[in-house]
Structure formats: structure tokens, C-alpha cells
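Residue-level structural notes
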Amino acid sequence: MTTKQLESPLYESLQAQFEIVSLQDQHEATKAYRTQAMETFRALGFPSIKNEEWRFANVLPLVKTTYEVSADKNAQISEETLAHAQSLIAAHKEDILPKLKGEEKGAYRLVTINGVFSKELSFLPDNAGITISTIGEAVDHPGYQEYFGKIVTLENNAFASLNSAMFTDGLFIELKANTVLDMPIHIIKVKLASGNALFQPRNLFIVRKNAQMDVIETYISDADNEAAILINGVSEIALEENAHFFHYDIQKGCKNIRKIQRNEAVQQKHSNYSNYTFTFPGSSFTRNNLTIHLNDEAIESHLYGLYLTAGEQLVDNHTEVHHKKPNGESNQLYKGIIMDKSKAVFNGKIYVYEDAQKTNAFQQSNNVLFSEQATVHAKPQLEIFADDVKCSHGTTIGQLNKEAIFYLKSRGIGEEQAKQLMVKAFAFDVAEKIKIPALRSYVEEMIIEEMKGH
Amino acid sequence: MLSIKNLHARVEDKEILKGLNLEVKAGEVHAIMGPNGAGKSSLASVLAGRENYEVTEGSVTLDGKDILEMAPEERAREGVFLAFQYPIEIPGVSNINFLKTALNEIRTHRGLDPMTAKEFLQKSKEKQALVEFDAKLVNRSLNEGFSGGEKKRNEIFQLAMLEPKLAILDETDSGLDIDALRIVSRGVNKLRSENNAFILITHYQRLLDYIVPDYVHVLSDGKIVKTGGKELALELEEKGYDWLK
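How each quantity is defined
- Residues numbered from 1 in each chain as written.
- Chains lettered and ligands numbered in written order.
- Predicted model: local features only at pLDDT ≥ 70, side-chain atom pairs only at ≥ 80, totals over all residues.
- Heavy atoms only, no water.
- Helix = DSSP H or I, 4+ residues; strand = E, 2+ residues; numbered from the N terminus.
- Rg over C-alpha atoms; globule rule 2.2 N^0.38 Å.
- Buried < 20%, exposed > 50% of the residue type's maximum accessible area, 1.4 Å probe, protein only.
- Axes fitted to C-alpha atoms, helices over the stretch in contact; angles between N-to-C directions.
- Parallel < 35°, antiparallel > 145°, perpendicular 65-115°, else oblique.
- Contact = heavy atoms within 4.5 Å.
- Nonpolar A, V, L, I, M, F, W, Y, C, P; charged D, E, K, R; others polar.
- Domains from an automatic or database assignment.
- Buried area = accessible area lost by both parts, 1.4 Å probe.
- Salt bridge = Lys/Arg side-chain N within 4 Å of Asp/Glu carboxyl O.
- Polar contact = N/O pair within 3.5 Å; in protein donor to acceptor, adjacent residues only side chain to side chain.
- Pairing = 2+ DSSP bridges.
- Core = buried A, V, L, I, M, F, W, Y, C linked by side-chain atoms within 4.5 Å.

1. So, the overall build of chain A
Each helix and strand counted, chain A has 9 helices and 23 strands in total. For chain A, whose C-alpha radius of gyration is 21 Å, the value lies close to the compact-globule estimate of 22 Å for 454 residues. Each of the three principal axes of chain A carries a C-alpha extent, and together these read 70 × 55 × 55 Å. Scored against the burial criterion, the 454 residues of chain A give a buried share of 61%.

Right, here's the structure in full:
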């Protein structure tokens, strides 16, 4: 091992677990893929902070923990767990998404409990144009054969490699050509564990030609749970010609959740992928890797991020946008409000390949430090090999404008409320990009809620 | 209403106000004039509670209450209003929501119920008409992209909505063309009453042609050095400030 890798007992135990996972997998192609991914993982090991990509996200505390690895792909959910999940979901719906209550109004619901898809708690669209199954059930589906394992980059990605080697659960969603889903799908991932647990969900979303869907992902765990839960997730996303996919990831977990997520998308001509990654206080460690490949001409990609962090939380967003063909447009807007002793990282890369003339690529990252102990690291990186392009990036790190706060106070508005107004205003231009009104008002209310007392 | 006694204030190590006295009664309009650097805007800042000013001596009371101990928002709720020389642009905060929040904070402080949306809109319409403020501006972000004149008119609109006891206009006339100056002055004149008072801080006599003061004070080197009636302003216009030193 080089110094860029960490030694950890988890690394050893995973090697052993891999054999079990591999033996259980009956699908030859997937099995071969797992083996190859495991080799990549073995070679890479867990990254240390000497690895540039992980410089500010120290995974040592995460990999020092021993986790029970869910190796059994046929795991069943006990009745007790199911009932518990049910009550948590009910509270979740009442509490945070009153306007997205499944069949009542506004959204379909897809529930997984510890990664196991629960048909019982889900409310799925009755539409022949959509296929929803577990990733394990999808192995013979043409969509799986076409895209599985072909989107995510394993090279230099230890966690994605580990996921590829050892995933046991996840979802497969394919929207057939010309299907437009009438309501968003709300995926609720319930994570319950009595001991430390590692979950490695693996999803594949395929949006075929002229199809359109909105997906909202949220996850919940038990607030009283002390057990450390590490989620190492990968989603592969394919958008075919003129497909539209609005993908919302609302991250508000409990403190015991540690999350590393890689979303990687490939896009074809005239498609539009819009990703909204909004992270709120809760989860102690969050690393989001979002990579988009604009593989054809005239593609649009939008990456909107908001991170409101508190306590001692770390939120690290790494984005990569690959412009490979002409006339593409990408737009990144990330806004951070960093409170208490929390730490935020934004690392955004834009690559414009030699063929990608007339590319428009924009990136903006604005951060407000809300306390003296808060830190933010922002690093924009542009690599441009075409000569006729418009690219820009901008990063700001600052504090709330004191003069503006004084102005608000001089009109009778109290300090805390003045700050809330300012933060809401700061987050406004990214929150307004949310196309689902109920979700937008939920996010805006949560900003105010989480700001209280700061 | 307002009683300032022997007020000393400084910014960092620099003493700006050096024993200022001023009595303002309900129904009165006082103009404060004086050369650059005399401390006029500092007086406004001290009264509104701007953070970087430190009061080292003296007292300021509003209807008998010591306001120097109060935070800026408490002073506003007690009825102090400062029309800023340079109003701040706050993108993303809507003018109307901001005003509604402010008004309801002030009402709560006075033991009144918050206004309903309907009552608020009604009041907002009345006051817009009274001070000739463009309805289109009301719905925009607070001062964002407003011209200099529009910002000043927004200050007067806020003044009309919040109905303070004491309004301090800090060089509200600066940067206004003659039409805007007339509109702003008309607004202020309509808002004058037996129950409120105004302090106009200005460089130029011009404003006082439109808003006629009861008293004119000359502030120089942190103190009021001369007080007179409205005719003093004309005299200053003619002679400048040097003869007072």
C-alpha cells in the first residue's frame, strides 16, 4: 500500500465478505464485473487525505469502524422492522412532505427498508411505460444488459469500486420511450440497524427517448439509533435522445448516518438532466460525487446544490462535467451556508474536450460562513481543449452583509429573523430552480427551521 | 419627545460627537445642517444604533425612555426611523415581505395584532398613493436595481408604512433631481402630524424650500453651534459655514 491508502480492519473484512457476495451471484456477467471491481478496489484501498480528491474528507473515522456487511441478497424484513419503518415513514410524510403523500396527492412512493424494496409500503405508478424492480431482478432486462456497469467510472474511485463489487440491493427504474410520468416518484430509503451496518445500494435509472420523469430521493433513520450506518451508494443514470430527468436528492439524515454517494450520468442528444442535491444538518459525513458525461451534441445539464450545515458535520460535493461534443450547455450553481463547527467542500471540474466547440459551461459556488469555526474549501477546475467555448466559474466565500442586517434591524426586525431573511434570500436563486412547488416550499421552510437558534 | 443631552460618541479612537444637545418636541421639524465631517450622519447613526459607534458620555431619551441601551430593532419598535443616505440593496428579500415582517414586529411590540394579508395590502396601497411610490417597485426585491431616486422614495414609503414617532432623514435630498425632490418632500409633508417629529439632515437649503422646518441647527465639529428659525438656512446658503467657527 502507498501512503495514499488507509489501513483498516474494514478493508480486511470486506475481502472476506466479498467471497460470499460473489458466490451468491448467479449472473455470470455481473459476477465477472464484481470480480473486476474488487480487483480495482484492492489496488486502490481506502483513500487517505493525501489523495487530492479526498484531501478535506477524512474517511479514516468511517473505515475504522467495523460494520456488519449486508451480504445476503435475499434478506427478508421482519414484521417488527416493517412496522417500525411504517411508523417512521408516516412521521416522515407528515413532518416533511405533507404535500407529497403518495396516493393522496402529488407523488408516487417507492420504499426500501435496509435496501430491500417494500412493495407493501410503496405506491407505484400504474403505467405500462415504466419498469420498477430491484437491481437483482433486473439482470435479464435489456436495459440492465445495455447500461449496468457501463456508466460508473471505477478507475480511481475506491468507493464506487467497492460498491460495484459488493452491492446487494438497489433499484432498477426504466422509463420507456415517449413515456411522461404524471407525478414524481418519491423514493424513501429507510435505514434501520441495531448494530453498525454498511449498506451499498446500487441503482440504475434509464430514461429512454422522449421520456420524462422526476425522482425525489430522501432517506430516514431512527433518531435514537446510536449504531453507525455507512451508506456507500452508486446510481447509474442514462438519458437517451430528448429524455428529461429531474433528479432531487434531499439529504437530511440522522447523526449516525455517514454517506458516500456517486451519481454518474450519460446523456444523449437534446436530453436534459437536472440534479438537485440539497444537504441539511444531520448526517455527520456526506460525500457526493456527481459526474455527468455529455456524450452527444446539444445537451443540457443542470447541477444545483445547496448545503446548509451545522454541528460538526462535513459535506463534500465533488462534481465533474465532461463536455465531449459541440453545443452542450452545463450550469452548476452551488450555495452553502456553513454554521457552527461544520465543514463544507465544493470541488467542481469542467472538462471541455477538443470536439466540444460552442460549449457553454458555467459554474458558480457561493458560500456564507455563519460562525467563526466554520470552514469551507472551494476549488473550481476547468480544463478546456476546444477554442470556441464560453466557460466561466466563480467562487465566493463571505459572511452575511452586516450593513444589510443593520438595515433590516433598523426597521424593527430582530437579529435572528434578519439573518433568516438574508439566508433565505441567499438560497433563493437555487431553491427557485426546484420545479415541484411542494418540494420547493418544503426546502424553504427547512432552511428557516434549521437556522433557528443560530 | 426626543431629548439629547451632552452626547459624546466615537468611532474607534476618533471622537465624532463632542457634547451635543438637542430637544425635539412632537409636531416639530428640525433641520440639521453643517459642513462635511461635522458629524451630521454620525448623529443619525448613533440615534439608530449603528454598531461601530460608541457612546462615551451623555444621554438620549425618547419619551423618557433611554434608547442608547436598546438594540437597533428595539429602537425601531419604539418609534425611531432612519431614512438611510445609502439604502441597501438586498436581492432575494421582497420589498413587500420585508415591510410586512417589519410592520408586524412593530405592531406586536405595541400590543397590536399582526395585520392580515388583506389589511396589509390595503394599507400598502393607501401609502403608495400618498407618497407616490410605484406599485411595480413594491413587489421587487428590496432596492435591487432601483435608481438612486427610487431608493430614496422607497425610504419614504417605508416611513409611511411604519409610522414612527421620530423620523431621521439622512441626506435624503442628496442625489435627487428636482422632480424626485418634490415628490419626496410632498410625501414627508403629508406624513407630518401633531404626534410625530422629523430631523432632516441636509447639506443644502434647497430641501428646506419644500419641507419647511421649525428650527435649523448648525452642527460643527461634533456640537450644535447655532440654532435659529427657517431663515437661518437662507443665511447659511449665502454666507457658508466659516463665519460660525
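Structure shown, so let's carry the discussion forward.
2. Digging into the packing of helix α3 (residues 95-109) of chain B against helix α4 (residues 117-131) of chain B
Residue and element names in this part refer to chain B. Two elements in contact, α3 and α4, have axes separated by 11 Å at closest approach and are oriented at 110 degrees. Taken as axis vectors, α3 and α4 run roughly perpendicular relative to one another. Every residue of α4 that contacts α3 at Ile96, Leu99, Lys100 and Leu103 is listed here: Ala117, Phe120, Lys123 and Ser124. Across the contact of α3 with α4, the residue classes tally to 5 nonpolar, 1 polar and 2 charged.

3. Describing the domain arrangement of chain A
Residue and element names in this part refer to chain A. For chain A, the assigned domains read domain 1 (66-399) and domain 2 (400-454). Once you take the C-alpha centre of each, domain 1 and domain 2 turn out to be 25 Å apart. With 32 residues of domain 1 in contact, the opposing surface of domain 2 contributes 22 residues. The contact between domain 1 and domain 2 buries some 2,500 Å² in all, and 80% of this surface belongs to carbon and sulfur atoms. The tally of links from domain 1 across to domain 2 stands at 2 salt bridges. Lys335 is the salt-bridge partner of Asp429, the closest N and O atoms lying 3.0 Å from each other.

4. Here's the deal with the interface of chain B and chain A
Opposite the 29 residues of chain B that make contact, chain A presents 18 residues. With both sides pooled, the region where chain B packs onto chain A buries about 1,900 Å², and carbon together with sulfur makes up 67% of that total. Counting the contacts that link chain B with chain A gives 3 salt bridges. Summed over the shared surface of chain B and chain A, the number is 9 residue pairs in polar contact (both at pLDDT 80 or more). Of the residues forming the side of chain B that touches chain A, the biggest block, 5 residues, is contributed by α3 of chain B. By residue class, the composition of the side of chain B that touches chain A is 18 nonpolar, 5 polar and 6 charged.

5. Notes on helix α1 (residues 40-48) of chain B
Residues and elements named next belong to chain B. Burial within α1 is extensive, with 8 of its 9 residues counted as buried. The set of residues buried in α1 consists of Lys40, Ser42, Leu43, Ala44, Ser45, Val46, Leu47 and Ala48. Looking one or two residues past α1, Gly49 carries a phi angle of roughly 95 degrees, positive in sign.

6. Observations concerning the environment of Arg110 of chain B
The topology assignment puts Arg110 of chain B in the loop between α3 and α4. Between the alpha carbons of Arg110 of chain B and Glu78 of chain B there is a distance of 8.2 Å; along the sequence they are 32 residues apart.

7. Focus on the pairing of strand β19 (residues 329-338) of chain A
Residues and elements named next belong to chain A. Counting buried positions along β19 gives 8 out of 10 residues, so the element sits mostly inside the fold. Where strand β17 (residues 300-309) lies against β19, 10 bridges are found, and the strand directions are parallel. Bridge pairing links His302 to Asn331 in β19. Strand direction decides the pairing type here: β19 and strand β21 (residues 360-369), joined by 10 bridges, are parallel.

8. Some details on the nonpolar core
Buried together is how nonpolar side chains tend to be arranged in soluble globular proteins. Counting residues in each nonpolar core, the largest one holds 117 residues, and the members touching the most others are Phe278 of chain A together with Ile199 of chain B. Element by element, the count of residues in this core is highest for helix α8 (residues 415-431) of chain A, at 8 residues. When we break this core down by domain, the ones giving at least three residues each are domain 1 (66-399) and domain 2 (400-454) of chain A. Not counting chain neighbours up to four residues away, the residues in contact with Ile199 of chain B comprise Leu2, Leu22, Val24, His30, Ile32, Leu47, Leu166, Ala167, Ile168 and Leu169 of chain B. Core analysis: the second largest hydrophobic core is formed by 47 residues, Tyr11, Leu198, Ile206 and Ala238 of chain A among them.

9. Notes on the sheet that holds strand β4 (residues 53-62) of chain B
All names here are of chain B. Within the open sheet, the 4 strands sit side by side as β2-β1-β4-β5. Their pairing is antiparallel. Both outer strands of the open sheet, β2 (14-24) and β5 (65-66), are each paired with one neighbouring strand and no more. Direction of pairing for β4 relative to β5: antiparallel, over a ladder of 2 bridges. When the bridges of β5 are listed, Leu62 appears paired with Lys65.

10. Let's talk about unusual backbone geometry
Positive phi outside glycine occurs at Asn210 of chain A, with the angle close to 60 degrees. Of note, Asn210 of chain A is situated in the loop between β10 (202-207) and β11 (212-221). Non-glycine residue Asp63 of chain B carries a positive phi angle of around 45 degrees. Residue position: Asp63 of chain B is located in the loop between β4 and β5. Judged by its relative accessible area of 45%, Asp63 of chain B falls in the partly exposed class.

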